[in-house]
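Residues per chain are reported as follows:
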Amino acid sequence: MVGILDWSLIIVYMLAMVGVGMYFKTNDSMQDFAVADKKLGLSVMTATMLATAVGGGALTGSVGNSYVNGIVEVPKIIILLCINVFMGLFVAKKMRNIGGFTAPEMLGRVYGKRCQTLGGLFCAIYMMGTGPAMQSIALGTCIHLLLGVNMKLGMIIGMAIILAYTLSSGMWGVAMTDYVQFIFLAGGVLIAAAITYSGAGGWAGITGTVPESHLELDTSGAIKLICATSLPVLIDGNRYSRFFSAKDAKTAQISTLIAAIPQCLLLVMSLVMGLAAVVLLPADLPKDMVFATLLMKYLPTGIKGLCVAALMAAIMSTADSYMLSGATNISVDIYKTYINPKATDKQMLIVTKGGILAVGLLGLGFALLLPDVMSVWTLSSTAYVGGCLVPMLYGIFGNGKKSYTAALISMLGGGSVALVCDLNKIVIFGLPAIVYGIIVSAILFFAITPFAKDAKYVDIRK
């Protein structure tokens with residue numbers, strides 16, 4: 001049970017976050033609301049990238065996945081570290097120098113407005129699934145265990161809190177609350193991992209208790225996990241919005257490199273907690289309830305409140321960031337690019353705030369329909385990565401000609417194939433649906449480009 005001291009810590013934390021968000025409230029301009037007027041310094045940039053990358057959904061999903069499937073998370077962590085280093089070395093600085101609001105803007109600069117709009121739609125869906133959908137499941141679980149209310153009612157309550165918080169802040173407020181939230185997040189996860197690891201009898205206790213299959217790598221499951229959670233980082237709209245919000249290119253680059261190692265260390269601790277949970281918790285526990293149940297059952301008074309606050313910090317810091325990024329996709333990539341090219345700054349701000357409501361409520365609906373965090377994560381990333389990964393990366397790094405026709409067809413073809421395969425559970429050679437989408441997208445893109453009449457050399461800096 002949660003004691004008075006624990007409740008006090010949780011309530012103080014929630015009030016403090018509202019206070020920080022209101023104090024650092026943005027001005028009424030699109031640039032300030034969406035990218036913090038490009039003024040984030042190194043420490044804030046590093047903290048906000050970590051707080052959003054290791055969110056409540058990621059922690060809940062990683063702990064639960066390790067509880068059910070053992071060391072399947074290990075390859076994901078290694079690949080994620082490599083991708084983060086790649087982003088720091090080759091993408092962050094370049095994107096900050098180019099500037100913008102969203103990742104799909106790169107598609108617009110290279111291939112044209114329709115590609116940007118389609119990419120923006122795919123990205124908004126990905127933001128919706130990875131942000132409000134995943135985080136409402138995590139927060140709903142937390143509220144269910146704390147208050148004993150129905151899980152779905154907990155999701156609705158949690159989303160109402162997150163929406164109110166996000167609409168009042170914008171990127172500057174989000175980044176500053178992330179700064180505080182990451183301190184709670186890192187401290188809470190470290191303490192929880194240490195206590196549960198010790199409670200399980202250390203590594204000897206874990207290896208002597210968990211099934212042998214938990215210590216054997218499931219290659220098929222690892223590949224699916226990498227495709228769903230690591231590959232999207234290459235074109236993650238939330239990550240790109242952070243690059244655009246940095247005060248300069250060097251800050252964007254260094255903060256990305258600094259954040260890479262602690263992010264992976266936090267995920268390693270999640271893996272350890274998942275394995276420890278096999279020893280400490282019943283075998284039939286729903287995997288999305290594992291992390292919160294560990295906190296409730298095995299942490300002492302006071303520490304329990306700190307760690308529950310840390311989980312809430314992780315949930316809120318990811319949900320608000322992804323809702324803001326998804327809403328910016330709606331206002332910049334869809335509304336201004338395709339519907340109203342002459343939109344004023346005031347109109348853009350109104351549409352962005354309306355987009356936050358839309359992304360949050362649709363994400364909540366998404367979460368209520370799908371069974372667990374990892375299902376939401378996989379489905380929401382399928383169309384975006386399957387369709388947009390190849391044309392976006394080629395647009396950024398490719399030196400050859402670029403074609404609007406090739407890009408549009410490859411995005412539609414790859415995204416559609418990936419989504420259809422995922423929804424119908426089609427598996428070939430044990431590979432996940434995203435891989436089929438990426439392959440189809442690449443074949444279409446590189447087969448059509450040499451013969452397309454509109455193919456031309458494009459400088460994305462213009």
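Given the structure is predicted, the values throughout are model-derived calculations rather than measurements.

Student: Account for unusual backbone geometry, with residues named and values stated.
Tutor: For alanine 36, which is not glycine, the phi torsion reads 55 degrees and is therefore positive. Turning to its location among the elements, alanine 36 is positioned in the loop between α2 (30-35) and α3 (42-53). The phi angle at lysine 38 is positive, at roughly 55 degrees, despite the residue not being glycine. Mapped onto the secondary structure, lysine 38 falls in the loop between α2 and α3.

Student: Report on the side chain of arginine 96, specifying residues and quantitative values.
Tutor: Summarising the element assignment, arginine 96 is placed in helix α5 (residues 73-98). Despite being buried, arginine 96 has no salt bridge partner; aspartate 248 is the closest side chain of opposite charge, sitting 6.6 Å away. If we ignore the near neighbours within four places in the chain, the residues touching arginine 96 are Lys38, Phe243, Phe244, Ala246, Lys247, Asp248, Ala249 and Ala252.

Student: Run through the packing of helix α10 (residues 202-209) against helix α13 (residues 249-280), naming residues and quoting values.
Tutor: In the contact formed by α10 and α13, the axes pass within 9 Å of each other and the chain directions differ by 60 degrees. Compared by their axis directions, α10 and α13 come out oblique. For the pair α10 and α13, the crossing hand works out as left-handed. Residues Trp203, Gly205, Ile206 and Thr209 of α10 form the contact with α13, whose participating residues are Val272, Leu275, Ala276 and Val279. Grouping the constituent residues of the contact of α10 with α13 by class yields six nonpolar, two polar and no charged.

Student: Explain the confidence of the model for the protein chain to me, using residue names and the numbers behind them.
Tutor: Predicted confidence across the protein chain gives a mean pLDDT of 86, with 94% of residues reaching 70 or more. Helix α19 (residues 433-448) holds the highest mean pLDDT among the elements of the protein chain, 95, whereas helix α1 (residues 4-23) holds the lowest, 71.

Student: Describe the pattern of salt bridges, listing the residues and the values that go with them.
Tutor: With the rule as written, the count across this model stands at one salt bridge. Of the charged contacts, one joins glutamate 73 and lysine 76 as a salt bridge, the two residues approaching to 2.7 Å between their closest N and O atoms. Note that glutamate 73 and lysine 76 are positioned in helix α5 at a spacing of three residues, about one turn of the helix. Judged by its relative accessible area of 3%, lysine 76 falls in the buried class.

Cut-offs and rules
Residues numbered from 1 in each chain as written. Predicted model: local features only at pLDDT ≥ 70, side-chain atom pairs only at ≥ 80, totals over all residues. Heavy atoms only, no water. Helix = DSSP H or I, 4+ residues; strand = E, 2+ residues; numbered from the N terminus. Buried < 20%, exposed > 50% of the residue type's maximum accessible area, 1.4 Å probe, protein only. Lys, Arg positive; Asp, Glu negative; His and termini not counted. Salt bridge = Lys/Arg side-chain N within 4 Å of Asp/Glu carboxyl O. Contact = heavy atoms within 4.5 Å. Axes fitted to C-alpha atoms, helices over the stretch in contact; angles between N-to-C directions. Parallel < 35°, antiparallel > 145°, perpendicular 65-115°, else oblique. Left-handed = near helix turned anticlockwise from the far one by under 90°. Nonpolar A, V, L, I, M, F, W, Y, C, P; charged D, E, K, R; others polar. pLDDT = per-residue confidence, 0-100.

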